[in-house]
Amino acid sequence: MLAFVLPLLGMAWLAILPVRAQSVVTLFVTNPLTGVGIYGMDPVSYFTEPEPLQGRADFEYIWQNVPWHFATAANRDIFKGSPEIYAPQFGGHGAMGMARGYVADSNPSIYVVFKQRLYLFYSAANREAFLLAPDAAAIAAEANWAVLSKDLSIN
């Protein structure tokens, strides 16, 4: 009897295996519910304030098909003039993960402005690792970004 039932069940186990979701990692880190860049934080405020500010929807600017929010109209206008300067490096993905050769999440409250560029990190430990040799980490991350960013979704 078992010899008869096993062949019938041979492919049935495929039906009960969990389905794996395809991971879609986007070029820019966004709020998964709103699609706003770096979770709605004002990218200019990282350079001008002691702590970054939450942006507001009424000061929005679309850049690279991503809405970015700003705390003030002035910050929005500054960003419009030079978004490459104020947008986080590596689309806001974790800079130390990028330096190590993989795409990592980031936390917009864990950051460093280094050589007039904004770097975000997954954890405080990753930020500290970056700061041990920031030039080397930034160079490695830039080289890895050139390769890894090609596989990321635009939105």
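Above this note sits the structure.
Now for a quick tour of the structure. What you are looking at is a predicted structure, and each value in this text was computed from that prediction instead of being measured.

Let us now look at the pattern of salt bridges. As enumerated under the stated definition, the model contains four salt bridges in all. The salt bridge involving Arg56 is made with Asp58; its shortest N-O contact spans 2.6 Å. Assessed through its relative accessible area of 42%, Arg56 is described here as partly exposed. Of the charged contacts in the structure, one is a salt bridge between Asp135 and Lys115, with a shortest N-O distance of 2.7 Å. Here the residue Asp135 occupies a position in helix α8 (residues 134-148), and Lys115 occupies one in the loop between β3 (107-114) and β4 (117-121), the gap between them amounting to 20 residues. Since its relative accessible area comes to 38%, Asp135 is described here as partly exposed.

Between helix α7 (residues 124-132) and α8, the shortest axis-to-axis distance is 5 Å and the interhelical angle comes to 105 degrees. Between α7 and α8, the interaxial angle falls into the category roughly perpendicular. Every residue of α8 that contacts α7 at Phe130, Leu131 and Leu132 is listed here: Pro134, Ala137 and Ala138. Looking at side-chain class alone, the contact of α7 with α8 contains six nonpolar, no polar and no charged residues.

Attention now goes to the side chain of Asn31. If you trace the backbone, Asn31 turns up in the loop between α2 (12-16) and α3 (45-48). Among the residues examined, Asn31 registers a relative accessible area of 19% and is labelled buried. A polar contact of 2.7 Å, which involves the side chain of Asn31, links it to the backbone nitrogen of Leu33. Setting aside chain neighbours within four positions, we find Asn31 in contact with Val36 and Tyr39.

What counts and what doesn't
Residues numbered from 1 in each chain as written. Predicted model: local features only at pLDDT ≥ 70, side-chain atom pairs only at ≥ 80, totals over all residues. Heavy atoms only, no water. Salt bridge = Lys/Arg side-chain N within 4 Å of Asp/Glu carboxyl O. Buried < 20%, exposed > 50% of the residue type's maximum accessible area, 1.4 Å probe, protein only. Helix = DSSP H or I, 4+ residues; strand = E, 2+ residues; numbered from the N terminus. Axes fitted to C-alpha atoms, helices over the stretch in contact; angles between N-to-C directions. Parallel < 35°, antiparallel > 145°, perpendicular 65-115°, else oblique. Contact = heavy atoms within 4.5 Å. Nonpolar A, V, L, I, M, F, W, Y, C, P; charged D, E, K, R; others polar. Polar contact = N/O pair within 3.5 Å; in protein donor to acceptor, adjacent residues only side chain to side chain.

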